[in-house]
Every structure is written in C-alpha cells, then in structure tokens.
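Reading the structure
The primary structure of each chain is shown beneath.
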Amino acid sequence: MILIFALLLSSCSSPTHQLVQQQLFTFGTLVDISIWTDKPDKANLLIQQLSADFEHQHNEWHSSKKNSLLSKANQQLQQEQTATLDASLASLVKLAIKLSAQSEYLFNPAIGQLVDLWHFDQLDQQAVDEIVEAVLPPDKKQIQTLFDMLSSELDLVLTDQQGSLHNSLQIRSKNPAVKLNLGAFAKGYAVDQAIKSIQQAGFNHALVNAGGDIKAIGKKGDKLWNIGIRNPFYQQQTDSPVLASIKLNNNESIMTSGDYERYFSYQGKRYHHIIDPRTGFPSDGFHSVTIVHKDAALADAAATALFIAGPKNWKKIAKKMAVDQIMLLTQSDELIISEKLKPRLSIQNKQLKTTVVKLD
Ligand code: AMP
Ligand code: MG
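Residues numbered from 1 in each chain as written. Chains lettered and ligands numbered in written order. Predicted model: local features only at pLDDT ≥ 70, side-chain atom pairs only at ≥ 80, totals over all residues. Heavy atoms only, no water.

1. Overview of the site of ligand 1
Near ligand 1 lie 18 residues; those nearest to it are L106, N108, S257, I275 and T304. At 2.7 Å from an oxygen atom of ligand 1 is found a side-chain nitrogen or oxygen belonging to T304. Top element by residues in the shell around ligand 1 is helix 7 (residues 296-321). It accounts for three residues. (Near = heavy atom within 4 Å. Polar contact = N/O pair within 3.5 Å; in protein donor to acceptor, adjacent residues only side chain to side chain. Helix = DSSP H or I, 4+ residues; strand = E, 2+ residues; numbered from the N terminus.)

Given below as structure tokens:
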C-alpha cells in the first residue's frame, strides 16, 4: 500500500502523558508511529530505532531491491540452487508458506515473476490517485508462458534448520519460474514486530500505521484508538473521506487490500496490483477487503487472499484462515460486513448498500 487510508480520528490530552508521534517514509510508504506516554524522550529514541528496523526490513525483504537478502535467495532459486535464509527471513518465509496453503494458494508468495511482469514495484512511490499512463499491461503471451510454468501451489522444498545455531532455513525449487515476493504480507509482519518492540521497551499504549496497515495496543489517553477506513470513492466536497470507523481493542490490527492502492490505467481500463494466481491477471474479486484480527501478518495475507477469492469463495477462505471480522466492498459498490464486525463499525458512507453476512 502506498498511501495512508486510515486516519486517526480522536484526540486527547493529560497532565502527565502526551502523544509522541513521528511520521517516517519507509517500507515504500508513510509510516506513522504514535506512543501515548509520560516518557517522551524514551519514546522518541525508540521511534528512531523502529525507523531503522523498518528500513532494514524493507531493504532485505524486498524482492526487487538489488542485493537484498530476498533478491539473493531468488537468484539462487532461479538457478535451481539451494538458498539459505537468515533467521529473520526464515521465519517470514515459513509463515508465508503456511498462510499461503491456508489460503488455497490465492495468497501466493511464489508468483514474484508474474507480479514483476505487471511492473507494480515501479509504482511504489506514486501518489495513490495518480493515474499512471506510462505503464502498459504486459504482453499476453508473456503472461501465458509464465503462467504455464507456475504450478497451482508453491513448488518450494524446505529444509528446516530450526535446531541450528542461527535458525536459518534452506530452500530450493525445481521450477525456475518461482520467485518469492512477500509484498502481500511483509508489512503486516513488520507492524507486528514493531508493536512487539514497543511493548518490550515498556510502553503499553501505541499505534503503528504503515500506509493504512495498522496495529494498536492500549489506548490514547482514556479512549480506544479510533481508526477511519479510507473511502476509495472519496471526491472532495461531495463525500466523506472515511468509509467507516472502528475502535481498535488492545493488540488488534486492521489491514486492507484495495484495487485503488497501486494501479495504472490503459485504454480506459484500470489494472491494479493484486494478481490472481489462477489467471495471471489483476483480480476482479472486490474493490477492497478489510480484515480485523490480532495478528497483523495473518490479517494482511488474508485481506489479499479474500480479495482474490471474490464473492463466491471469500467465506470458505476466511474460514480456512480463521478470520471472522471482515468488510468487503464489492465491484458493484455494495458493502458486505461479517456479523462479528458489524456492531463495532460506524459506517460513515450512508449511501452504500450494506449487507451483514453470517459466517458458517
Ligand atoms: P496487498 O496490498 O497486501 O494486497 O499486497 C499486494 C502486493 O502483493 C502486490 O503489490 C504484489 O507485490 C504482491 N502480490 C500480488 N498478488 C499477489 C498474490 N496473489 N499473492 C501474493 N502476493 C501478491
Ligand atoms: Mg495483504
């Protein structure tokens, strides 16, 4: 995601505590870190450390950054060699593999070459509403060739090194079309890590917002953190910039995948960054999917997977991934909200048709 689409809606003050807040540009997006504390100097120092952590993760986990750990591993995979992943990347990749299987490989971190064909990494730093005419859809034959080479699963073989000194992981593939891209869940994972670091430093009230991927602990003063979910239809003056708002409980995250986050338009058609591994083309499942869950990495992967699952299959995938607080915006601009999430949501855009759905 490249723009913040979730807004902090509340404000308050206290004689001893204050909000220490910094905005960073890292992970290819704006990251807001807010800590409600009576130790502002300590909080500011911690935020500097978190900023360095985010930057390090972004540099090492990015599939298209030259010489990143992931790029080096991908080069080895493409040459059908064994790649050794360090402890941090190993736990990320193991979790990605587990979540991918749960999603029936709709969230598929092995389709990096297919994602590259669509050039969305080049759009990383484009403003969200900017229509980028310079990018063309890839040649259909190129998509087909790669698509034919990829299997419907991951095509990876793991050698778990759990017992080894550094908890590294060896990984290989017999399929040179396999390339790891962790973009659909690395930010959620990084947000989980940042919140853990904040807790370990002794802070109990904080919020991390990485381009709309958000996790909160505690409260802001005496109020829960209040989050606005961006309205993708927002046009100034006529509408609310917020689709709905929600108060996050302790240690809870909210993640959204949307077709408006990174896209280009070509000959009147919009092509976005969430690729359906069953077709090789941008998914036409939903406009956006929002998931609330305590685990940000899971919620991030699930938002991508449910987006691709589309109206027919999202319930089945939600069940497999064990998520039940879900808001989906359909291609026909209808809001579908799971029964469990509905009482917590305050819907700001009253014009949209809203349906509440029970998950079996
Ligand atoms: P998100 O915004 O979390 O849905 O993640 C989308 C990003 O994940 C894209 O920009 C791609 O880098 C990558 N991606 C696209 N399609 C998939 C997919 N089906 N499975 C895994 N990653 C994907
Ligand atoms: Mg995601």
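Continuing now.
2. What about helix 7?
When the terminal C-alpha atoms of helix 7 are compared, their 13 Å separation across 26 residues is substantially less than the 38 Å that a helix rising 1.5 Å per residue should span. Taken as a whole, helix 7 carries its principal kink of about 135° at G310; the proline P311 stands between one and four residues after it. The N-terminus of helix 7 is capped by D295, whose side-chain oxygen sits 3.1 Å from the backbone nitrogen of A297. Backbone geometry just after helix 7 places A322 at a positive phi near 60°. (Expected span 1.5 Å × (residues − 1). Bend = angle between axes of the 7 residues up to and from the residue.)

3. Some thoughts on the coordination of the magnesium ion (ligand 2)
Protein coordination at the magnesium ion (ligand 2): the donors are A184 (O), D300 (O), D300 (OD) and T304 (OG1), at 2.1 to 2.4 Å from the metal. The motif formed by the donor residues of the magnesium ion (ligand 2), counted along the single chain, is A-x115-D-x3-T. Highlighted residues: A184 in the loop between strand 6 (169-172) and helix 6 (186-200) and T304 in helix 7, separated in sequence by 120 residues. Since its relative accessible area comes to 21%, A184 is described here as partly exposed. (Donors = N, O, S within 2.8 Å, 3.2 Å for Na, K, Ca; no water. Buried < 20%, exposed > 50% of the residue type's maximum accessible area, 1.4 Å probe, protein only.)

4. Quick word on the confidence of the model for the protein chain
On average, residues of the protein chain carry a pLDDT of 89, and 90% of them reach 70 or more. Mean pLDDT in the protein chain bottoms out at strand 1 (residues 6-8), which sits at 45, and peaks at helix 7, which reaches 98. Across residues 125-131, confidence stays below pLDDT 50; counting only partners more than four residues off in sequence or on other chains, it has 15 contacts. (pLDDT = per-residue confidence, 0-100. Contact = heavy atoms within 4.5 Å.)

5. As for the nonpolar core
Membership of the largest hydrophobic core comes to 75 residues, with the highest contact counts inside it found for I33, V93, L182, F185, I198, I291 and W314. Considering each element in turn, this core owes the most residues, 16 residues, to helix 7. (Core = buried A, V, L, I, M, F, W, Y, C linked by side-chain atoms within 4.5 Å.)

6. Description of unusual backbone geometry
The residue E80 is not glycine, and still its phi comes out positive at about 60°. Take E80: it is sitting in the loop between helix 2 (69-78) and strand 4 (83-85). Phi at N251 takes a positive value of approximately 60°, unusual for a residue other than glycine. Looking at the secondary structure, you find N251 in the loop between strand 11 (242-248) and strand 12 (252-258). Under the relative-accessibility criterion, N251 is labelled partly exposed at 28%.

7. What to know about the packing of aromatic side chains
For the coordinates displayed, the defined rule picks out eight aromatic pairs. Centre to centre, the rings of W61 and Y189 are 5.6 Å apart; their planes meet at 70°, and the pair counts as edge-to-face. Here W61 is found in helix 1 (residues 40-61), whereas its partner Y189 is found in helix 6, with 128 residues between them in sequence. An aromatic cluster of at least three residues, connected via ring pairs, comprises W118, F120, F264, Y271 and F281. Over the ring of F203 we find K42; its NZ or CZ atom is 5.3 Å from the centre of that ring. The ring of Y263 carries the charged tip of R270 above its face, separated from the ring centre by 4.0 Å. (Phe/Tyr/Trp six-rings, centres within 6.5 Å; stacked < 30°, edge-to-face > 60°. Lys NZ or Arg CZ within 6 Å of the ring centre and 35° of its normal.)

8. Let's talk about the pattern of salt bridges
Applying the stated rule across the entire model yields ten salt bridges. One salt bridge in this structure joins K316 and E104, with 3.1 Å as the shortest N-O distance. Highlighted residues: K316 in helix 7 and E104 in the loop between helix 3 (87-102) and helix 4 (112-117), separated in sequence by 212 residues. For K187, the salt bridge identified is with D213, shortest N-O distance 3.8 Å. (Salt bridge = Lys/Arg side-chain N within 4 Å of Asp/Glu carboxyl O.)

9. Things to note about the pairing of strand 8 (residues 213-217)
Of all five residues that make up strand 8, five are buried, and the element is covered over most of its length. With burial as the criterion, each face of strand 8 is covered, one bearing D213, K215 and I217 and the other bearing I214 and A216. Pairing of strand 7 (residues 206-210) with strand 8, which is carried by five bridges, proceeds in the antiparallel orientation. Looking across to strand 8, one finds that A210 is bridged to D213. What sits between the antiparallel neighbours strand 7 and strand 8 is a turn of two residues, in which G211 has the positive phi angle 60°. Two elements, strand 8 and strand 12, share three bridges in a ladder whose sense is antiparallel. When the bridges of strand 12 are listed, A216 appears paired with E252. (Pairing = 2+ DSSP bridges.)

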